[in-house]
Amino acid sequence: MSVMKNRAVLRWLVPVTAGVAVIGGGAAVGTFAAGADPALPPRSAAQLLEDLRTSRLDGLSGTVVQRADLGLPPIAALAGRATGNELAALVSGTHTLRVWYGGEDRQRLALVDTLGEQDILRNGRDVWTWNSRENTATHRVLPADAPDRATVPATPADAADRALEAIDPTTAVTVGRTATVAGRSAYELVLTPRDKASLVHQVRIALDAEEHVPLRLQVLADGQDEPAFQVAFTQVDFRTPEADQFRFNPPPGVKVTEAPADERPGPAGKRFDKPDAERPDVRTVGTGWTTVVVAKIDGAATGGGAKPGADAPDAQMLAQVLGDLPKVSGDWGSGRLLSGKLFSVLLTDDGRVIAGLVTPERLYEAAKG
């Protein structure tokens, strides 16, 4: 596959001639890397983007460490447990994952912690999720029009693909220092949003000097020297894994649940019949780094209490945490604000969730619309 799936980004960033240029009315393509260790031949930002576009990844396996320090209350793990999706806890703390990639339709991820292991395997249209602690598994058959994008974004390449989608003429693209990641030499591509309403200061993508595959992605928040989010290989092997790695063999006594054949997996296993862009209760405001998502929700999510019958302790605790968020109000209405280093979420009293990698003031502007 091509590591960079979003070819539209090239119209902003890849010039007709290599070197320093300004593309699409504002996206600055930066200077050549030089003088960093390890010593590598100089490459411009445009050349690195072209390396990404033309790279081919047939397979890999490795260990990925993800670290997130978003300055959030302990809401992520609670949300995961209350909704039945413990992978939601990946948005906080440090996690080690094993990943295998054998092509567009063969992927596997294993999240291992002190309490057990959770696996997600995709083999063709078959997707298995397994929880060792509960010894339960879910099997679903993806619809024929399922996207080729990885079932669960877990590698630096997955994260980089999403970061590159945000590029528009308000993004400065430059070359940073070279680096050594997972024992391999890498160039660093730096994306810097120009819009001051974005809480993202920079996104730094380390690209393997030989394979041109992202080995590390770091996101720095405004005013912070250390990454608020990082996902990086600590070990990587670019050989295609054996086919057996993508076959799920249910362990003894496992309870298997068959998901409906036409179900499109979404957060917490909820069914999404349409993409968000086609759903009347979800819309976006703005573009690029300052895109804001506006969604309608029921009153329970705003801290007004758990749904009737939702007597699970984790669900009640989640509702309490939401209810303890700071109250805010303005000419847009009133609600509660969840803010971290990289993003803000506004839960309005009239039943909306408004979120983005932006300052609260940008959310208030969207709330008036």
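Cut-offs applied
- Residues numbered from 1 in each chain as written.
- Predicted model: local features only at pLDDT ≥ 70, side-chain atom pairs only at ≥ 80, totals over all residues.
- Heavy atoms only, no water.
- Helix = DSSP H or I, 4+ residues; strand = E, 2+ residues; numbered from the N terminus.
- Buried < 20%, exposed > 50% of the residue type's maximum accessible area, 1.4 Å probe, protein only.
- Contact = heavy atoms within 4.5 Å.
- Areas by Shrake-Rupley, 256 points an atom, 1.4 Å probe, with all protein chains shown as cover.
- Core = buried A, V, L, I, M, F, W, Y, C linked by side-chain atoms within 4.5 Å.
- Phe/Tyr/Trp six-rings, centres within 6.5 Å; stacked < 30°, edge-to-face > 60°.
- Pairing = 2+ DSSP bridges.
- Axes fitted to C-alpha atoms, helices over the stretch in contact; angles between N-to-C directions.
- Salt bridge = Lys/Arg side-chain N within 4 Å of Asp/Glu carboxyl O.
- Arc of directions from axis to C-beta.
- Polar contact = N/O pair within 3.5 Å; in protein donor to acceptor, adjacent residues only side chain to side chain.

Caption draft 1: How the structure looks around the overall build of the protein. Counting secondary structure elements, the protein contains 6 helices and 21 strands. Burial analysis of the protein (369 residues in total) assigns 47% to the buried set. Across the protein, every contact between residues at least 6 apart in sequence was considered, and the portion connecting residues at least 24 apart equals 56%. In the structure as shown, the protein presents an accessible area of about 17,700 Å², 52% of it carried by carbon and sulfur atoms.

Caption draft 2: Summary view of the nonpolar core. If you look at the biggest cluster of nonpolar residues, it comprises 48 residues, and the most contacted ones within it are Leu189, Leu191, Val203, Ile205, Leu217 and Leu342. Top contributing element to this core by residue count: strand β12 (residues 200-208), with 5 residues. Among residues more than four places away in sequence, those in contact with valine 203 are Ala163, Leu189, Val190, Leu191, Leu217, Gln218, Val219 and Trp289.

Caption draft 3: Layout of the environment of arginine 216. Tracing the backbone through its elements, the reader meets arginine 216 in strand β13 (residues 214-221). Owing to a relative accessible area of 16%, arginine 216 belongs among the buried residues under this scheme. Note: C-alpha distance between arginine 216 and glutamate 188 (28 residues apart in sequence) is 9.1 Å. Every residue in contact with arginine 216, bar those within four places of it in the chain, is listed here: Pro156, Ala179, Val181, Glu188, Arg204, Ile205, Ala206, Gln230, Val231 and Ala232.

Caption draft 4: Region of interest: the packing of aromatic side chains. Within this structure, the stated rule accounts for 3 aromatic pairs. An aromatic cluster is built from Trp128, Trp130 and Phe248, whose rings are joined through pairwise contacts.

Caption draft 5: Quick peek at the sheet that holds strand β17 (residues 292-296). The 6 strands are arranged β16-β17-β21-β20-β19-β18 in an open sheet whose pairing can be described as antiparallel. With one partner strand each, in any of the chains shown, β16 (282-285) and β18 (327-330) form the two edges of the open sheet. This sheet shows a mean twist of 25° between the axes of neighbouring strands, independent of strand direction. Pairing geometry for β16 and β17, over 4 bridges, is antiparallel. Counterpart to valine 285 in the pairing with β17 is valine 292.

Caption draft 6: Representation of the pattern of salt bridges in the model. In total, this model carries 13 salt bridges according to the counting rule given. Residues lysine 368 and aspartate 331 are paired through a salt bridge, measuring 3.8 Å at the closest nitrogen-oxygen approach. Here lysine 368 is found in helix α6 (residues 360-368), whereas its partner aspartate 331 is found in the loop between β18 and β19 (333-339), with 37 residues between them in sequence. On the basis of relative accessible area, aspartate 331 is assigned to the exposed category, the value being 66%.

Caption draft 7: Representation of the pairing of β13. Most of β13 sits inside the fold, with 8 of its 8 residues counted as buried. As consecutive antiparallel partners, β12 and β13 are separated by 5 residues, and within that stretch histidine 212 has a phi angle of approximately 60°, a positive value. In this structure, β13 lies alongside strand β14 (residues 229-237), joined through 4 bridges in antiparallel fashion. From the neighbouring strand, valine 219 faces β14, where its bridge partner is phenylalanine 229.

Caption draft 8: How the structure looks around unusual backbone geometry. Even without a glycine there, the phi angle at asparagine 135 is positive, about 50°. Tracing the backbone shows asparagine 135 in the loop between β7 (126-131) and β8 (136-141). At alanine 182, a residue that is not glycine, the phi angle is positive and equals roughly 55°.

Caption draft 9: Focus on α6. When we look at burial in α6, the residues that qualify are Pro360, Leu363, Tyr364, Ala366 and Ala367. Considered in projection along α6, the buried side chains sweep an arc of 160° and stay on one side of the axis.

Caption draft 10: Geometry of the environment of lysine 296. The topology assignment puts lysine 296 in strand β17. Once the C-alpha coordinates of lysine 296 and arginine 283 are considered, the two residues, 13 residues apart in sequence, prove to be 9.3 Å apart. In this structure, lysine 296 is in contact with Asp281, Asp350, Gly351 and Arg352, ignoring residues within four places of it in sequence. A polar atom in the side chain of lysine 296 sits 3.3 Å from the backbone oxygen of aspartate 350.

Purely geometric stuff here, so don't read any function into it on its own.
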